[in-house]
Amino acid sequence: MAGIEIDDTTRATLQSLADEAGLPLDTYLARVAEEKQREHALATGAQTFRRVTSDPATLAAFDAEFGAPTVKHAPRAA
């Protein structure tokens, strides 16, 4: 890990997590970085989805182009 300085406690924690995952530390950190990128992309997509679906004009245009849904589903608890 050239060029990265972290305190001993943080390094030990990360090493422990990597060991539990059965991975070398650099591979573990690369996977964590990829996971964080996916989480960010999903959060951005969800935010965009909420913004778009909260605009009645956008929904009307979508329905006009692709047809409005014919079946409504009752909300379900997760």
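Heads up: these notes are all about the structure in this document. (Residues numbered from 1 in each chain as written. Predicted model: local features only at pLDDT ≥ 70, side-chain atom pairs only at ≥ 80, totals over all residues. Heavy atoms only, no water.)

Focus on the overall build of the chain
Part 1 of the reasoning: Of the regular secondary structure elements, the chain holds 3 helices and 0 strands.
Part 2 of the reasoning: When the helices and strands of the chain are placed in sequence order, the string is α-α-α.
Part 3 of the reasoning: Out of the 78 residues in the chain, the part that is buried amounts to 5%.
Part 4 of the reasoning: Summing over all exposed atoms, the chain offers an accessible surface of approximately 6,900 Å²; the carbon and sulfur share of this is 58%. (Helix = DSSP H or I, 4+ residues; strand = E, 2+ residues; numbered from the N terminus. Buried < 20%, exposed > 50% of the residue type's maximum accessible area, 1.4 Å probe, protein only. Areas by Shrake-Rupley, 256 points an atom, 1.4 Å probe, with all protein chains shown as cover.)

Some words on the pattern of salt bridges
Close approach of charged atoms allows side chains of opposite charge to pair.
Part 1 of the reasoning: Applying the stated criterion across every chain yields a total of 1 salt bridge.
Part 2 of the reasoning: When the shortest N-O distance is used, the salt bridge between Lys36 and Glu39 registers 3.1 Å. One end of the pair, Lys36, and the other, Glu39, are both in helix α2 (residues 25–53), 3 residues apart, so they sit about a helical turn from each other. (Salt bridge = Lys/Arg side-chain N within 4 Å of Asp/Glu carboxyl O.)

A short note on helix α1 (residues 8–21)
Part 1 of the reasoning: An ideal rise of 1.5 Å per residue puts 20 Å on 14 residues; α1 measures up with 20 Å between its terminal C-alpha atoms.
Part 2 of the reasoning: Two or three places before Thr9, at the start of α1, stands the capping residue Asp7, its side-chain oxygen 3.1 Å from that residue's backbone nitrogen.
Part 3 of the reasoning: Following α1 by one or two positions, Gly22 has its phi on the positive side, about 70°. (Expected span 1.5 Å × (residues − 1). Polar contact = N/O pair within 3.5 Å; in protein donor to acceptor, adjacent residues only side chain to side chain.)

Description of the packing of α1 against α2
Part 1 of the reasoning: At a closest axis distance of 9 Å, the pairing of α1 and α2 adopts a crossing angle of 90°. Relative to α2, the element α1 is oriented roughly perpendicular. Contacts between α1 and α2 involve Arg11, Leu14, Gln15, Leu17, Ala18 and Ala21 from the first element and Leu25, Tyr28 and Leu29 from the second.
Part 2 of the reasoning: Here the residues of the contact of α1 with α2 sort into 7 nonpolar, 1 polar and 1 charged. (Axes fitted to C-alpha atoms, helices over the stretch in contact; angles between N-to-C directions. Parallel < 35°, antiparallel > 145°, perpendicular 65-115°, else oblique. Contact = heavy atoms within 4.5 Å. Nonpolar A, V, L, I, M, F, W, Y, C, P; charged D, E, K, R; others polar.)

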